[in-house]
Amino acid sequence: MTWESGPWIFPGSISRESGYDNEQRFKRIFLHLPVKNLIRIRLKTLRRIVSLGVLILCSFLFLDLHGIFPPEFFRGVLFFQFIPSLLKFFTPAGTGAAGFILVILLTGIAGRIYCSFLCPLGGIQDVILRFRFWKKKKKMRFSSPWNRVRYSILFLTLASLLLVLVFSGSMVMINILDPYSNFGRIMAVLARPVAGLGNNGLAKVLSLADLYWIMPVSIPVPNPGVISAVLVFVLILAVLVIRQGRIFCNTLCPVGIFLGWISRFSLLKLVMDPDSCTGCGKCERVCRAGCMDPKNKQLDFQRCVSCFDCLEVCPEGSVSFQGPGKKKGTCLPLKSNGSGSGTESESVTNPGRRAFMALCALGIAGFHRIVEAAVKPVVYVKNKIPVKRKHPVLPPGALSLDHFTSRCTACHLCVTVCPGHVIQPELGGFGTRGILMPRMNNAKGYCNFKCTRCGEVCPTGAVLALEREAKQQVQIGKVVFIRENCIVVTQKTECGACSEHCPTKAVTMEKEGGLRVPKVHPDICVGCGACEHTCPALPHKSIYVEGNPVHLRAEKPRKKSLEAFDPDKGFPF
């Protein structure tokens, strides 16, 4: 059967009597679609599937309330996260963390595939953009590149990375702008408490029917300063995405800027064919990166995040991939005078800029603290000597304060997997070394003597994985006893909670005037904080752990020999 012979059955009744235009339209639909448009649609669908999969898997890591996933799952999911992989590569036994190298190679082949396929924060921005595109009046527009701002951020980030890898610099720049770490904080600080409430609510409902399929969990809520900082970032990001699309990825994200610079040398580039382009502007209206300029028929590939939306909507097929040596289209970085006005196209102002100062003042309060029920001695005498800790207590495997602060990006993954809830984020607990980094907070819990979870999942190498036997001899801090604060001294009452909970017996009870008073042995203390957590003294603890700036090796607990039992003397009671 030939084209002219027919008959053709097609929804909409395209027939030979309709004339030449319908015949050409029919050929375009059925002959052109499988060859070009179908490939374009499949690229966009593939991007959506992979991006959604990465977003779901990364979310599972932070929302795993019951510790289901093994450490191998964490390492596999986070293998391609750029800055964590880069930092871990330069740690002892971290040469296997080469995910950032593969991302660079992938970018050198086909551009910023990482930004739309593998970045979880990019996935969150795409979800926000879905709500924007539902409003048909909210269309995207071309924006100038702001090259001075972009490359200034890139230079400062690279300089800080070099300093922390070679010497000991500040991680503040990376803490604030790293996309994976920002995603982690959103999940750990905002989403995880909500998931915990949902889990406990469902467990309560099922228990009414005598069904105990789901166990309730305890999720400590971070301090209001950490919550406020994360919430402010989310609000700023949402405003920028709704108004300017993926402008964070192109202007503020150091990973996106660096990969954009590498994409200048990519083998395959998206280009716009000026001969076939009609300037209809459909590509500009769907471009989430704001890099399509149909007026000048140019595409800024450095800012393209490889979403492939333009491939699908272009009616003429003017946007396509171009290999090396071909000169079909125009893919040139648009010039910028640094103030935001392009030299070859009309300037587009950034309305999201004005939101920065307004949103930075926002904060939230009113989160109720989860209080553990415990039987403790009644405290009616308030002590007066405050605890003055010189150094923060860091998780086992952090090696030292310098090592930890030069590797930690504050992603809070260790916070979510800690079964004792002792690892908690601090807004400014490390000064200029970094912000929102976690430390051991013994008011929330204490380090389980047999647990090695934090080092097994840390993606940056800030906390190295340790075997259980090695971990049990790492001294992260030393116990300090403030006699004047102890209720045994102030209230003349028995206690002994600190000694009962110490796994190495670094705290023992010695008789003194009819009562037993704590006595500390710092040389065998591992700094787990069990004594400090259980101490009932108020308002200040009578026993606490002073952090070691460099982790040491604790001596093994002393074993007392048992006295020989003489059956002739009988039992001692």
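Everything below is about the structure shown above.
All values reported here derive from a predicted model rather than from experimental measurement.

A.B. asks: Help me get a handle on the overall build of the chain, residues and values and all.
C.D. replies: The helix and strand tally for the chain stands at 22 helices and 10 strands. When the 573 residues of the chain are sorted by exposure, 49% land in the buried category. Put simply, 75% of the contacts in the chain that link residues at least 6 apart link residues at least 24 apart. Accessible surface for the chain amounts to roughly 29100 Å². Of this, 63% is attributable to carbon and sulfur atoms.

A.B. asks: Residues and numbers for the packing of helix α9 (residues 179-208) against helix α10 (residues 224-244), please.
C.D. replies: At a minimum axis distance of 10 Å, the contact between α9 and α10 shows a crossing angle of 125°. In terms of orientation, α9 and α10 fall into the oblique class. Both α9 and α10 take part in a crossing whose hand is left-handed. Residues N182, R185, I186, V189 and L190 of α9 lie in contact with α10, whose contacting residues are V226, I227, V230, L231, F233 and V234.

A.B. asks: Explain the nonpolar core residue by residue, including any values.
C.D. replies: Counting residues in hydrophobic clusters, the biggest one holds 101 residues, and the most contacted among them are F82, Y114, L259, L270, M292, F404 and L413. Among the nonpolar cores identified, the runner-up in size contains 13 residues, and V379, C498, V507 and A537 belong to it.

A.B. asks: Go over the packing of helix α7 (residues 147-166) against helix α12 (residues 254-262), please, and point to the residues and values.
C.D. replies: Between α7 and α12, the shortest axis-to-axis distance is 9 Å and the interhelical angle comes to 105°. As far as their axial angle goes, α12 and α7 are roughly perpendicular. Residues R150, Y151, I153, L154 and T157 of α7 lie in contact with α12, whose contacting residues are P254, I257, F258 and W261. Broken down by class, the residue content of the contact of α7 with α12 amounts to 7 nonpolar, 1 polar and 1 charged.

A.B. asks: Can you tell me about a nonpolar patch on the surface, naming the residues and giving the values?
C.D. replies: On the surface, a nonpolar cluster with roughly 340 Å² of combined accessible area is contributed by L52, I56, L57 and F60. As for its position among the elements, I56 is in helix α1 (residues 20-62).

A.B. asks: Break down unusual backbone geometry for me, citing the residues and quoting the values.
C.D. replies: For the peptide bond that leads from L538 to P539, omega is -5°, which places it in the cis range. Tracing the sequence through the fold places P539 in the loop between α22 (530-534) and β10 (543-553). Unlike most non-glycine residues, D210 shows phi in positive territory, near 60°. Looking at where D210 falls in the secondary structure, it is placed in the loop between α9 and α10.

A.B. asks: Please provide a residue-by-residue account of the pairing of strand β9 (residues 515-520), values included.
C.D. replies: Alignment of strand β8 (residues 507-512) against β9, held across 6 bridges, turns out to be antiparallel. The residue bridging E510 from the neighbouring strand is V517, located in β9.

A.B. asks: Summarise α9; cite the residues concerned and give the values.
C.D. replies: Note on helix geometry: an α-helix contains 3.6 residues per turn, so any two residues three or four positions apart are oriented the same way. Helix length check: α9, at 30 residues, gives a terminal C-alpha distance of 42 Å against a target of 44 Å (1.5 Å per residue), a fit within 8%. The axis of α9 is deflected most strongly, by about 45°, at A191, and proline P193 appears within four residues downstream. D210, located one to two residues past α9, shows a positive phi value of around 60°.

Each value, and the rule that gives it
- Residues numbered from 1 in each chain as written.
- Predicted model: local features only at pLDDT ≥ 70, side-chain atom pairs only at ≥ 80, totals over all residues.
- Heavy atoms only, no water.
- Helix = DSSP H or I, 4+ residues; strand = E, 2+ residues; numbered from the N terminus.
- Buried < 20%, exposed > 50% of the residue type's maximum accessible area, 1.4 Å probe, protein only.
- Contact = heavy atoms within 4.5 Å.
- Areas by Shrake-Rupley, 256 points an atom, 1.4 Å probe, with all protein chains shown as cover.
- Axes fitted to C-alpha atoms, helices over the stretch in contact; angles between N-to-C directions.
- Parallel < 35°, antiparallel > 145°, perpendicular 65-115°, else oblique.
- Left-handed = near helix turned anticlockwise from the far one by under 90°.
- Core = buried A, V, L, I, M, F, W, Y, C linked by side-chain atoms within 4.5 Å.
- Nonpolar A, V, L, I, M, F, W, Y, C, P; charged D, E, K, R; others polar.
- Patch = residues over 30% accessible without salt bridge, like charges linked within 9 Å, V, L, I, M, F, W, Y side chains within 5 Å.
- Salt bridge = Lys/Arg side-chain N within 4 Å of Asp/Glu carboxyl O.
- Pairing = 2+ DSSP bridges.
- Expected span 1.5 Å × (residues − 1).
- Bend = angle between axes of the 7 residues up to and from the residue.

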